[in-house]
Structures are given as structure tokens and as C-alpha cells.
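Fold and geometry: a report
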Amino acid sequence: RADTAMYSAKKEGRNRLTFFTAEMQSHSERVLLLENALHDVIEKQELSLFFQPQMDLKTGQVIAAEVLLRWHSKELGTVSPAEFIPIAEDTGQILMIGEWVLRETINQLKNWQEQGITPVRLAVNLSPIQFQVQNLPEIIKHLLDEFQVPATLLEMELTERGAMADPQKAIETMKAFQQIGVRTSIDDFGTGYSSLNYLQQFPIYKLKIDQSFIRDMTTDANDYAIVSAIISLAQQLGMKTIAEGVETQEQLTMLQELACDEMQGYYLSKPLPSTDFQNNFLAH
Ligand code: C2E
Ligand code: MG
Ligand code: MG
Ligand code: MG
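Figured I'd write up the structure that's included with this text. Note that the structure is predicted; figures quoted are calculated from it, not measured. (Residues numbered from 1 in each chain as written. Chains lettered and ligands numbered in written order. Predicted model: local features only at pLDDT ≥ 70, side-chain atom pairs only at ≥ 80, totals over all residues. Heavy atoms only, no water.)

Locating Gly-190 in the fold gives a position in the loop between strand 6 (183-189) and helix 9 (196-199). Distance in space between the C-alpha atoms of Gly-190 and Met-96 is 29 Å, their sequence separation being 94 residues. Sequence-distant contacts of Gly-190, that is, excluding residues within four places in its chain, are made with Glu-160, Phe-213 and Ile-230. (Helix = DSSP H or I, 4+ residues; strand = E, 2+ residues; numbered from the N terminus. Contact = heavy atoms within 4.5 Å.)

Quick look at the structure:
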């Protein structure tokens, strides 16, 4: 790979050569570092779960939370899931990480119940690798039974892109989730080219409108039109909608006018460690 890089870079002059190869090398070194560090990330107890509340726009009640994975590595410091999840997907490490997230989430629900705290439904992000390789509905059913937690307290988030990577398997998995009482939402909706024909075959509970459309919807007529169209589509298909990445009162007001069902974003709260989330948003 280095040879090819040097060959094509040489044609463009000496300066380009050093820049190109150095960048390539540091990127692959970083990936290798992360891969190695991820290897025993669970034994080293470097992973934790954060919780971001989701609010009903009609009642103002917090009715659920999204579970977001955090990695504080001793060697590498804090690494964003946007960086390490794709690497874990390439190596297959996402399977053990994903199972850890599910177990910890269900364990958290159990702990709240035992402390006399009324939990809210928790939404877990799923990688398409997980539902392609594992029998997820069975794994989840076992965990719910083991911890004696009702399936209605669990929701799965699958990105539109991930669902469309293998639509048949996605439909099959979602139907099995539905059968055990676990809901499925479509994450980052609007960015993944879904076929509307497939969409209506999925047992989808809600569409999560991608934050890229919410960001400028108060100033950009195109973004506004897309958000409005997604909400209408969901209403017609009997699905709920949630806006991701809501940061201002103006966005919130506009979403209420459009009859969006729920919101999530820094305007309400950033993702929080479990004790902060429980103290601020759960009823004792
Ligand atoms: P996502 O599932 O779409 O999660 C939403 C992301 O937006 C989170 O980033 C969240 O912290 C961020 N966010 C929330 N509100 C706001 C806001 O108002 N403004 C802005 N600018 N950002 C906001 P985070 O936690 O860094 O996660 C990034 C992505 O990593 C997630 O996107 C998800 O795709 C993936 N991820 C996180 N945890 C897991 C996990 O347990 N399993 C899998 N497979 N993927 C995960
Ligand atoms: Mg998500
Ligand atoms: Mg999202
Ligand atoms: Mg995302």
C-alpha cells in the first residue's frame, strides 16, 4: 500500500509525497491501536453507558432515554463511539460489545426497579452486524427473563442505512422483536435511502428524524420541508416521530407546530451518567 501511495504521490511532486504517506500511516496506526485496545475493553471495565432523555412534546414528560456507549481508555483517553464502533464492526468485536451493552442496559433497568425508582423505556443502538450474525431476539429474550425485566421497557434503534443493508433480515428481526414485546425505531432517518416499499413492511414504532435536518430547519426551507414530510409520512403509516439533536427553543416550537411526537437533544439534556440521569429525570 505504501508503494502505491509513493508511486502516485511522486507524480505530483515531493511535498505531496511526505504528506500523503504520513497521513496514511498515522491513520492505519490509529486503527491498529484501537483494535488492540478494544480487545480486552470489557475485562478492563473501560466501557460505560450514558443516558439521554427523550421528551413527549405534548405532555412535556420524559418518557424514554437513549443508551449511548462511552469508552474511557487508560492508554488512549476518551474515544468517541463514532470512531470506535466502525472499527469494532470491521473486526467483529461489536458482537461482544453489543452483548455487553444489552446486558448492562437490562441490568440498569433491574437496579432502578429494585431501588424503587420507576424506570423509563431504554433505547439501545444496534449494529447491523449484530442482527446479521446473531439470533438477537433470542439473546434479548434470555436477558429479559434472567433479570425479570418487562420487554416493554426495551427499544431497539437500527439505522436506516443498517436496515437497508439487509432488508429481509431486518424485517425478520423486527418481527421477532415485536413478538417478544420489544419495539424498534429507525435511527438517522432521512439519510439512508430507504425504499418506501420496504418501510411499510417493517413493524416500526418510530422514526428518528436525523439531526442534520433539525439543525437548520428554522432557517432553511428545504430542511423544514423534509422534516415536515417525514412527520406526515410517519402519521400516514401509523408510526411515531422523534426529532434528534434539538438544541434551541425555536426548533422545539416549530416541531410542536408540525405535530412531531417527541424530542431529544442538548436543549433538554446531553447524555448523562446513570446517577445524574436518575436524579434529574426519574421519579423516586
Ligand atoms: P446516534 O445513535 O444517532 O446518537 C445520537 C448522537 O447525537 C449521540 O452521539 C449524541 O450524544 C448526539 N447528540 C444528542 N443530542 C445532540 C444535540 O443536541 N446536538 C448534537 N450536536 N449532538 C447531539 P454519540 O453519543 O457520540 O454517539 C454517536 C453514534 O455512535 C450514535 O449515533 C450511534 O450510531 C453510535 N453508538 C453509540 N452508542 C452505541 C452502541 O451502544 N452501539 C452501537 N452499535 N452504536 C452506538
Ligand atoms: Mg441512536
Ligand atoms: Mg441518530
Ligand atoms: Mg448517528
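A separate point is the packing of aromatic side chains. Considering all chains together, one arrives at six aromatic pairs under this definition. With a centroid separation of 5.9 Å and an interplanar angle of 45°, the aromatic rings of Trp-112 and Phe-277 are classed as tilted. Placement of the pair is Trp-112 in helix 4 (residues 94-114) and Phe-277 in helix 13 (residues 274-281), with a sequence separation of 165 residues. Of the residues examined, Trp-112 reaches a relative accessible area of 0% and is grouped as buried. On the accessibility criterion, Phe-277 (0% relative accessible area) is buried. Aromatic pair Tyr-198 and Phe-202: ring centres 6.5 Å apart, planes at 15°, arrangement stacked. (Phe/Tyr/Trp six-rings, centres within 6.5 Å; stacked < 30°, edge-to-face > 60°. Buried < 20%, exposed > 50% of the residue type's maximum accessible area, 1.4 Å probe, protein only.)

Time to look at the pattern of salt bridges. By the definition in use, this model includes eleven salt bridges. A salt bridge links Lys-44 to Asp-40, with the shortest nitrogen-to-oxygen separation between them at 3.5 Å. Residue Lys-44 is classed as partly exposed on the basis of its relative accessible area, which comes to 27%. In this structure, the salt-bridge partner of Glu-172 is Lys-169, at a minimum N-O distance of 3.4 Å. Remark: Lys-169 and Glu-172 occur in helix 8 (residues 167-180); sequence separation between them is three residues, near one turn of the helix. Members of the salt-bridge network, linked through shared partners, are Arg-121, Glu-155, Lys-206 and Glu-262. (Salt bridge = Lys/Arg side-chain N within 4 Å of Asp/Glu carboxyl O.)

This next bit is on the nonpolar core. Among the nonpolar cores identified, the biggest contains 76 residues, and Trp-71, Met-156, Val-227 and Leu-255 are the most heavily contacted of them. With near-sequence residues (within four places) excluded, Val-227 lies in contact with Ile-209, Phe-213, Ile-214, Met-217, Leu-255 and Leu-258. (Core = buried A, V, L, I, M, F, W, Y, C linked by side-chain atoms within 4.5 Å.)

All right, on to the site of ligand 1 then. Residues in contact with ligand 1 amount to 21 residues; listed here are only the nearest, Arg-70, Asn-125, Asp-187, Glu-247 and Tyr-266. A distance of 2.9 Å is found between an oxygen atom of ligand 1 and a side-chain nitrogen or oxygen belonging to Asn-125. Between ligand 1 and Asp-188, the relevant distance is 3.1 Å, taken from an oxygen atom to a side-chain nitrogen or oxygen of the residue. Coverage of ligand 1 by the protein chains reaches 82% of its 810 Å² of free accessible surface. Contributions of two or more residues to the shell around ligand 1 are made by strand 2 (62-73), helix 3 (81-91), strand 4 (121-126) and strand 6. If you tally residues by element for the shell around ligand 1, the top one is strand 2, at four residues. Here the residues of the shell around ligand 1 are counted per class, giving nine nonpolar, six polar and six charged. (Near = heavy atom within 4 Å. Polar contact = N/O pair within 3.5 Å; in protein donor to acceptor, adjacent residues only side chain to side chain. Areas by Shrake-Rupley, 256 points an atom, 1.4 Å probe, with all protein chains shown as cover. Nonpolar A, V, L, I, M, F, W, Y, C, P; charged D, E, K, R; others polar.)

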